[in-house]
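Chains, contacts and geometry: an overview
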Amino acid sequence: MKTKTWMQKNMPSLSGKVIAVSGSTGGIGVELCEHLAALGAELILLDRNQEKSKGLQEKLEAQFPEVKIRRMRMDLEEMASVKVAACELLKAPLDGLILNAGAYHIPRHKCDTGLDNVFQINFAAPYYLARELKSHLDASGGRLVAVGSIAHNYSQTDPEDVDFSTRAKHSLAYGNAKRFLMYSLYGLYGKQGGLAVAHPGITFTNITAHYPKVIFAIIKHPMKVIFMKPRRACLSILQGLTQDCGRNEWIGPRWFDVWGLPKKRVLKTCGEKEAEWICQTAEEVYEGMGTP
Ligand SMILES: NC(=O)c1ccc[n+]([C@@H]2O[C@H](COP(=O)([O-])OP(=O)(O)OC[C@H]3O[C@@H](n4cnc5c(N)ncnc54)[C@H](OP(=O)(O)O)[C@@H]3O)[C@@H](O)[C@H]2O)c1
């Protein structure tokens with residue numbers, strides 16, 4: 001089925017709905033915002049790079065003259081900016097928050113919270129936002145959509161190294177953070193509804209463009225052909241605006257988690273004991289972030 005046909009069959013109009021998207025300037029974020037604008041949503045772009053964010057706003061406004069867009073600066077490595085954004089979002093009507101921003105193969109360092117930056121970008125800061133905005137979203141029947149990754153499957157959490165700062169391997173640090181994000185949110189929402197965990201499978205964006213130059217030059221074009229384009233890969237995330245995920249469920253491409261249209265399935269990647277520990281630790285990390 002074509003992307004356009006899937007959209008017509010599966011997505012309602014979002015006219016009058018306000019949806020905030022983090023990482024809207026990224027490969028998936030841009031496509032996601034185009035779909036959301038086409039569905040009539042009002043957008044709040046949560047980005048660290050205001051030049052890119054403004055460029056996206058102008059592009060969307062040219063494409064969809066009716067669209068309403070606001071921008072808020074938010075760098076997930078800087079908790080002060082995350083707190084300001086959270087306070088601003090609390091003042092806005094909000095029907096959906098999509099925690100889409102993420103980073104994988106980046107130079108590692110400790111943030112001013114003392115946490116590894118990959119852990120903070122992919123888990124601690126988005127969890128803080130989810131925690132701060134949950135009642136606000138609940139009050140309006142709003143939804144939280146968190147973007148997970150297949151990589152969560154490759155890292156078992158470690159109480160001795162919560163943020164994986166001693167692990168040099170990017171895949172492990174990223175996988176650990178995504179595992180924290182996904183399982184902490186299952187715990188936070190329980191059976192209540194209003195949460196979806198979605199993932200795009202594998203699609204060619206900046207996050208997948210981290211290989212050494214020569215290898216990258218060789219694999220770049222086959223990758224673009226083999227994997228789904230971001231425009232289609234982001235449909236699972238859109239589906240999260242209409243479909244709940246219960247504990248251990250996620251929405252992603254139906255074939256091998258990599259190809260095809262969105263399908264919800266049950267994960268068997270984390271035992272009950274580990275999931276419980278993740279939830280407790282997430283709360284400790286949140287408490288450690290201090291007041292807004
Ligand atoms: N592509 C895939 O195959 C794949 C697979 C599984 C999961 N995902 C997930 O999908 C989501 C979107 O990724 P993508 O593929 O679109 O990658 P991308 O093109 O690299 O986009 C990542 C987005 O996150 C933003 N970001 C990175 N660090 C940030 C920070 N410190 N503060 C605020 N924003 C920050 C980027 O901002 P800038 O534009 O300023 O860099 C960008 O907007 C991520 O959560 C990723 O983990 C992607």
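Residues numbered from 1 in each chain as written. Predicted model: local features only at pLDDT ≥ 70, side-chain atom pairs only at ≥ 80, totals over all residues.

Turning to the overall build of the chain, a few remarks are in order. Counting its secondary structure elements, the chain contains 10 helices and 8 strands. Here the C-alpha atoms of the chain give a radius of gyration of 18 Å, agreeing with the 19 Å that 2.2 N^0.38 yields for 292 residues. C-alpha extents for the chain along the principal axes are approximately 50 × 50 × 35 Å. Residues counted as buried form 44% of the 292 residues belonging to the chain. If you take every contact in the chain between residues at least 6 apart in sequence, the share linking residues at least 24 apart comes to 72%. (Helix = DSSP H or I, 4+ residues; strand = E, 2+ residues; numbered from the N terminus. Rg over C-alpha atoms; globule rule 2.2 N^0.38 Å. Buried ≥ 20, exposed ≤ 12 C-beta atoms within 10 Å, placed from the backbone. Contact = placed C-beta atoms within 7 Å.)

Within the fold, Ile237 resides in helix H9 (residues 235-239). For Ile237 and Gly148, which are 89 residues apart along the polypeptide, the C-alpha to C-alpha distance reads 9.7 Å. When sequence neighbours within four positions are dropped, the list of residues in contact with Ile237 reads Leu32, Ile98, Asn100, Val145, Val147, Ala198 and Pro200.

Bringing the packing of helix H4 (residues 79-91) against helix H5 (residues 117-139) into the picture now. Two elements in contact, H4 and H5, have axes separated by 10 Å at closest approach and are oriented at 20 degrees. On the basis of their axis angle, the class for H4 and H5 is roughly parallel. Seen from above, H4 lies across H5 with right-handed handedness. Along its contact with H4, which presents Met79, Val82, Ala86, Leu89 and Leu90, the element H5 presents Ala125, Tyr128, Leu129, Glu132, Leu133 and His136. A breakdown of the residues in the contact of H4 with H5 according to their chemical character gives 9 nonpolar, 1 polar and 1 charged. (Axes fitted to C-alpha atoms, helices over the stretch in contact; angles between N-to-C directions. Parallel < 35°, antiparallel > 145°, perpendicular 65-115°, else oblique. Left-handed = near helix turned anticlockwise from the far one by under 90°. Nonpolar A, V, L, I, M, F, W, Y, C, P; charged D, E, K, R; others polar.)

Let's shift gears to the site of the ligand. Taken together, 28 residues lie near the ligand, and Gly23, Gly26, Gly102, Thr205 and Asn206 sit nearest. Looking at the shell around the ligand element by element, the count peaks at 3 residues for helix H2 (residues 27-38). (Near = placed C-beta within 6 Å.)

The phi torsion at Asn248 lies on the positive side, around 65 degrees, for a residue other than glycine. Positive phi, close to 55 degrees, is recorded for Phe256, a residue that is not glycine. In this fold, Phe256 is placed in the loop between strand E7 (249-255) and strand E8 (259-266). For Phe256, a count of 11 C-beta atoms within 10 Å puts it in the exposed group.

Turning next to the pairing of strand E3 (residues 69-73). As paired strands, strand E2 (residues 42-47) and E3 are joined by 5 bridges and run parallel to one another. From the neighbouring strand, Asp47 faces E3, where its bridge partner is Arg73. The β-α-β motif built from E2, the intervening helix H3 (residues 50-63) and the parallel element E3 has right-handed crossover chirality. (Pairing = 2+ DSSP bridges. Right-handed = clockwise from strand over helix to strand, strands pointing away.)

Taken across its 5 residues, strand E1 (residues 18-22) has 5 buried, putting it largely inside the fold. Taken together, the 5 bridges between E1 and E2 define a ladder with parallel strand orientation. Across the sheet, residue Ser22 finds its bridge partner in E2, namely Leu46. With H2 bridging E1 and its parallel neighbour E2, the resulting β-α-β unit is right-handed. Bridge count for E1 against strand E4 (residues 96-99) is 3 bridges, and the pairing is parallel. Residue pairing across strands places Ile19 opposite Gly96, the latter belonging to E4.

Before going further, it helps to spend a moment on helix H6 (residues 170-189). With 20 residues, H6 should cover 28 Å at 1.5 Å per step; its first-to-last C-alpha distance of 29 Å lies within 8% of that length. The buried fraction of H6 is high, at 15 of 20 residues. (Expected span 1.5 Å × (residues − 1).)

To continue, consider H2. For H2, which comprises 12 residues, the first-to-last C-alpha distance of 17 Å matches the rise-based estimate of 16 Å (1.5 Å per residue) to within 8%. Residues of H2 that are buried include every one of Gly27, Ile28, Gly29, Val30, Glu31, Leu32, Cys33, Leu36 and Ala37, and no others. Along its buried surface, H2 packs onto E1, E2, H3, E4, helix H8 (230-233) and H9. Phi turns positive, to about 95 degrees, at Gly40, one or two residues after H2.

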